[in-house]
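Structural description and commentary
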Amino acid sequence: MELVKVHHSQENNISPSADGIKQSPSNLGVPSAKETMEQNPFIEANTTQVTMEHLKKDCIVPVFKDNEVAISHTEFVETAINAVSAILGNVEITKPQLRVSHMVKGRTPDALHIPTKDLQDHQKTIYYERVAWVSKIPSQTKIINGNEISLCVGGVKSYSTDNLHGKHSVQRFKMFIGYVNRICTNLCISTDGYKDEIKVMSTNELGEKVEQLVSNYDADYHLNTMERLSQFTLSEKQFGQLIGKAKLYNYLPKSEKQELPNLMLTDNQFSSIARDYYNDVNFCRNKDGSIDLWRLYNLCTGAAKSSYIDTFLNRNLNAFQFVNGLADTVNGDSNSYDWFLS
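All of these numbers come straight from a predicted model, not from anything done at the bench.

A word on the confidence of the model for the protein
- Per-residue confidence for the protein averages 89 on the pLDDT scale, and 89% of its residues sit at or above 70.
- Contacts from residues 1-38, a stretch scored under 50 in pLDDT, to residues over four places away or in other chains number 76 contacts.

Structure representation (structure tokens):
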């Protein structure tokens with residue numbers, strides 16, 4: 001795999017590198033003066049908060065074996081936000097919150113034999129294998145069970161899913177449109193608002209796929225489904241049964257597990273849910289030990305934030321499907337999730 005450095009002038013215009021490869025300039029608007037970085041990140045595990053400026057100025061961009069440039073993390077974010085704007089119209093989209101992981105370090109050719117301790121900053125190169133990002137749309141807010149939620153968009157990119165050691169080929173992205181609970185930054189993702197794998201060869205294709213995703217998203221259905229959760233309650237006994245069965249789930253014989261709905265949250269994450277059932281300031285149990293499914297849903301999405309970048313969106317979606325399945329079971333509409341409560 002080869003890499004190319006991207007340089008920027010002080011005016012933030014994009015200058016081509018020695019190989020003639022450059023990143024697209026940012027089309028993002030100036031963020032609102034009221035926009036501040038959340039106290040609680042939308043994902044926690046093994047990630048670091050960075051800025052778009054850092055990714056543009058300080059990071060190199062991977063290229064394929066034939067020296068065709070890969071779509072950079074910043075191009076991904078900018079292309080997606082521009083596509084969302086094209087569909088939703090003249091709405092404010094906040095400055096993206098970015099979390100990265102798996103830093104890849106390198107050196108410039110003139111520093112190959114210099115001891116590590118003697119390296120100058122300009123002789124060091126870095127890029128991040130994985131990035132996750134979220135931007136909010138503050139004008140699109142709703143109240144569910146006393147919590148303000150805002151429409152948001154975001155995505156995940158991992159170069160580990162691309163064949164950078166071969167010739168120019170498809171790159172894979174994850175993208176979603178959904179809501180973020182503003183009191184805890186938990187993401188709320190539904191099935192039609194999420195694409196687990198978007199395969200594209202160019203930013204133009206990427207923009208088209210994002211526009212399709214946003215156009216097909218049914219926000220009213222998503223909101224109604226989440227509002228419905230507060231109508232159903234688990235008793236303390238049912239909650240304890242649920243935690244116990246969830247912890248047994250991963251140890252079931254394969255034949256038995258295949259007969260049950262898919263559950264992606266881990267044993268450790270259900271331990272976090274059990275702890276927060278007692279201690280979470282916003283979503284803990286009622287005095288009688290009962291808990292409504294809206295609170296349980298937020299305990300699940302909060303636990304999913306401990307997932308690595310590669311899996312946290314899938315687990316977040318699975319939490320939505322799991323808790324809604326419990327709601328159907330409690331309401332008598334389905335028996336698919338009976339095993340978890342019996």
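Overview of helix α8 (residues 293-304)
- In this model, α8 (12 residues) spans 16 Å end to end at C-alpha, consistent with the 16 Å of a helix rising 1.5 Å per residue.
- Here α8 lies mainly inside the structure; 10 of its 12 residues are buried.
- Taken together, the buried positions of α8 are occupied by L293, W294, L296, Y297, N298, L299, C300, T301, A303 and A304.
- Measuring from the backbone nitrogen of W294 back to the side-chain oxygen at the start of α8 gives 2.9 Å, which picks out D292 as the cap.

A look at the packing of α8 against helix α9 (residues 309-331)
- Packing of α8 against α9 brings their axes to within 9 Å, and their N-to-C directions diverge by 160°. Between α8 and α9, the angle is such that the two are roughly antiparallel. Remark: the crossing between α8 and α9 carries right-handed chirality. Two secondary-structure elements touch here, α8 through L293, L296, Y297, C300, T301 and A304 and α9 through F312, R315, N316, A319, F320, V323, L326 and A327.

Regarding the pairing of strand β8 (residues 147-158)
- Burial runs high along β8: 11 of the 12 residues are buried.
- The pairing of strand β7 (residues 124-144) with β8 spans 12 bridges and is antiparallel. In the strand pairing of β8, I143 is matched with E148.
- A loop of 2 residues connects β7 with β8, the two strands running antiparallel in sequence, and N145 in this loop sits at a positive phi of about 50°.
- With 9 bridges joining them, β8 and strand β9 (residues 171-181) adopt antiparallel strand pairing. Pairing of I149 across the sheet is with N181, part of β9.

Some remarks on the packing of helix α7 (residues 267-279) against α8
- One way to put it is that α7 packs onto α8 with a least axis distance of 9 Å and a crossing angle of 135°. Classified by the interaxial angle, the pair formed by α7 and α8 is oblique. The crossing of α7 and α8 is right-handed. Between α7 and α8, the contacting residues are Q269, S272, I273, D276 and Y277 on the first element and L296, L299, C300, A303 and A304 on the second.

Remarks on the nonpolar core
- The biggest cluster of nonpolar side chains holds 72 residues, and the ones touching the most others in it are M226 and I273.
- When residues of this core are assigned to their parent elements, the largest contribution, 8 residues, is made by α8.
- With 15 residues, the next largest nonpolar core counts V134, L187, L313 and L317 among its residues.

Rules of the game
Residues numbered from 1 in each chain as written. Predicted model: local features only at pLDDT ≥ 70, side-chain atom pairs only at ≥ 80, totals over all residues. Heavy atoms only, no water. pLDDT = per-residue confidence, 0-100. Contact = heavy atoms within 4.5 Å. Helix = DSSP H or I, 4+ residues; strand = E, 2+ residues; numbered from the N terminus. Expected span 1.5 Å × (residues − 1). Buried < 20%, exposed > 50% of the residue type's maximum accessible area, 1.4 Å probe, protein only. Polar contact = N/O pair within 3.5 Å; in protein donor to acceptor, adjacent residues only side chain to side chain. Axes fitted to C-alpha atoms, helices over the stretch in contact; angles between N-to-C directions. Parallel < 35°, antiparallel > 145°, perpendicular 65-115°, else oblique. Left-handed = near helix turned anticlockwise from the far one by under 90°. Pairing = 2+ DSSP bridges. Core = buried A, V, L, I, M, F, W, Y, C linked by side-chain atoms within 4.5 Å.

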